[in-house]
Amino acid sequence: MLEFRKITPADRTEILEYLKDNPSRICENTAGVILLWDVNERIRYAVEDGTMYLAEIKDGKAIFYYPIGGDEEKALEKIENFCRERKLTLHFRFLSAEQAEKVKTKFGQEGKPDRNWADYLYSAAELKTLSGKKFHGQKNFVNRFSREYPDHKFLPYNVTMRPLAEEFAEKFYDEENKDSRIFKEEKRIFCRILSDYASTGQTGGVLTVGGKIVAITFGEVVGDTLYVHFEKALREYKGSYAMINYLFVNSFKKPFDYVNREEDVGDEGLRQAKLNLHPVRLIEKFFT
């Protein structure tokens, strides 16, 4: 019988073990998203017979992620039984195309993709070099930043930088001052990253000018992919976004083939910025 519970700091080691691989390359199947982006703490998890289950259960509905690890067929049967016994309507979210087909076969549910939630997947080799005509604009931003701020430094983030990072966050969010729900959640997530950094399996980097942080980013390598979960920069420093993106992907000793810069959530400005980096593909996510 599946027994779901709220995720606590004590559960993180077990959860991280199940998330060591992510063949679908969907960002929601990473520690950075599951442990940090659940700002309202609605996700519950259970582990049984070598399978981890994640779900949000509310208002007579159970919204499952695809089960991770173990026997898939048995795991789907357990999900079906769990919902039947509790008279819950079953739904799935953040499915890959292959997983959506399996859900359709098992439950007869037709998964629908949502363009706003598609992940942008890039070639790591391309982002590390910015070679070729198509990256001319990005390379210009990087070169301009180097010329205008010759004292800039890229440093690995560590917990002693927290006061400077909080100072950066206050300035960034005051200047942007967007009224969207996602923007407000982002600020809470940033605070969570800083407070829980050591236990979330993330790698951070900061870009400084004159000793002050002007850009900051956090991510993790899972399998053959770097997932960039968080990236913010002060716009007054022209080229700061391009520069921290470039330096961050070049800072890892562990090899990886792809960079997942996640979804645009329907923000047209963000969508254009992500397209300007020339993704090799968009990873569709399906919802039932």
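These lines cover the structure that appears in this document, whether it is placed above or below. (Residues numbered from 1 in each chain as written. Predicted model: local features only at pLDDT ≥ 70, side-chain atom pairs only at ≥ 80, totals over all residues. Heavy atoms only, no water.)

### Topic: the overall build of the chain
At step 1: Looking only at helices and strands, the chain features 10 helices and 14 strands.
At step 2: In summary, the chain has a C-alpha radius of gyration of 20 Å against a globular reference of 19 Å for 288 residues, a match within 12%.
At step 3: The dimensions of the chain, computed from C-alpha atoms along their principal axes, are 65 × 40 × 35 Å.
At step 4: Expressed as a percentage of the 288 residues in the chain, the buried residues total 48%.
At step 5: For the chain, the computed accessible surface area is about 14200 Å², with 49% contributed by carbon and sulfur atoms.
At step 6: Counting 46 positive and 47 negative side-chain charges, the chain places the centres of these two groups 3 Å from one another. (Helix = DSSP H or I, 4+ residues; strand = E, 2+ residues; numbered from the N terminus. Rg over C-alpha atoms; globule rule 2.2 N^0.38 Å. Buried < 20%, exposed > 50% of the residue type's maximum accessible area, 1.4 Å probe, protein only. Areas by Shrake-Rupley, 256 points an atom, 1.4 Å probe, with all protein chains shown as cover. Lys, Arg positive; Asp, Glu negative; His and termini not counted. Charge placed at Lys NZ, Arg CZ, Asp CG, Glu CD.)

### So, the nonpolar core
At step 1: F145, Y157, F190, I216, F218, L226 and V259 are the most contacted members of the largest nonpolar core, which totals 47 residues.
At step 2: If you look at the next biggest cluster of nonpolar residues, it comprises 21 residues, including A55, F64, A75 and I79. (Core = buried A, V, L, I, M, F, W, Y, C linked by side-chain atoms within 4.5 Å.)

### Some points on the pattern of salt bridges
At step 1: The tally for this structure, following the rule as stated, stands at 29 salt bridges.
At step 2: The partner of E56 in a salt bridge is R93, with the nearest N and O atoms 3.0 Å apart. Placement of the pair is E56 in strand β3 (residues 51–58) and R93 in the loop between β5 (89–92) and α4 (97–107), with a sequence separation of 37 residues. For the pair E56 and R93, a shared accessibility class is recorded, and that class is buried.
At step 3: Put simply, E28, D119, E263 and K285 are held in one network by salt bridges that share partners. (Salt bridge = Lys/Arg side-chain N within 4 Å of Asp/Glu carboxyl O.)

### Digging into the packing of helix α6 (residues 136–148) against helix α9 (residues 240–249)
At step 1: Taken N-terminus to C-terminus, the directions of α6 and α9 make an angle of 100°; their axes are 8 Å apart at the nearest point. As far as their axial angle goes, α9 and α6 are roughly perpendicular. Across from Q138, F141, V142, F145 and S146 in α6, the residues of α9 making contact are S240, A242, M243 and Y246. (Axes fitted to C-alpha atoms, helices over the stretch in contact; angles between N-to-C directions. Parallel < 35°, antiparallel > 145°, perpendicular 65-115°, else oblique. Contact = heavy atoms within 4.5 Å.)

### Re the environment of K20
At step 1: Structurally, K20 can be placed in the loop between α1 (12–18) and α2 (31–36).
At step 2: You can call K20 exposed: its relative accessible area is 54%.
At step 3: When the C-alpha positions of K20 and H229 are compared, they lie 16 Å apart, and in sequence the two are 209 residues distant.
At step 4: Dropping the residues within four chain positions of it, K20 is found in contact with V222 and G223.
At step 5: Separated by 2.7 Å, the side chains of K20 and E17 make a polar contact. (Polar contact = N/O pair within 3.5 Å; in protein donor to acceptor, adjacent residues only side chain to side chain.)

### Considering the side chain of E262
At step 1: Summarising the element assignment, E262 is placed in the loop between β12 (258–260) and α10 (268–275).
At step 2: The buried charged residue E262 lacks any salt bridge partner; its closest oppositely charged side chain belongs to K274, at an N-O distance of 6.8 Å.
At step 3: Of the polar contacts made by the side chain of E262, one reaches the side chain of H229; its length is 2.5 Å.
At step 4: Not counting chain neighbours up to four residues away, the residues in contact with E262 comprise C27, V33, A118, D119, Y120, V228, H229 and K274.

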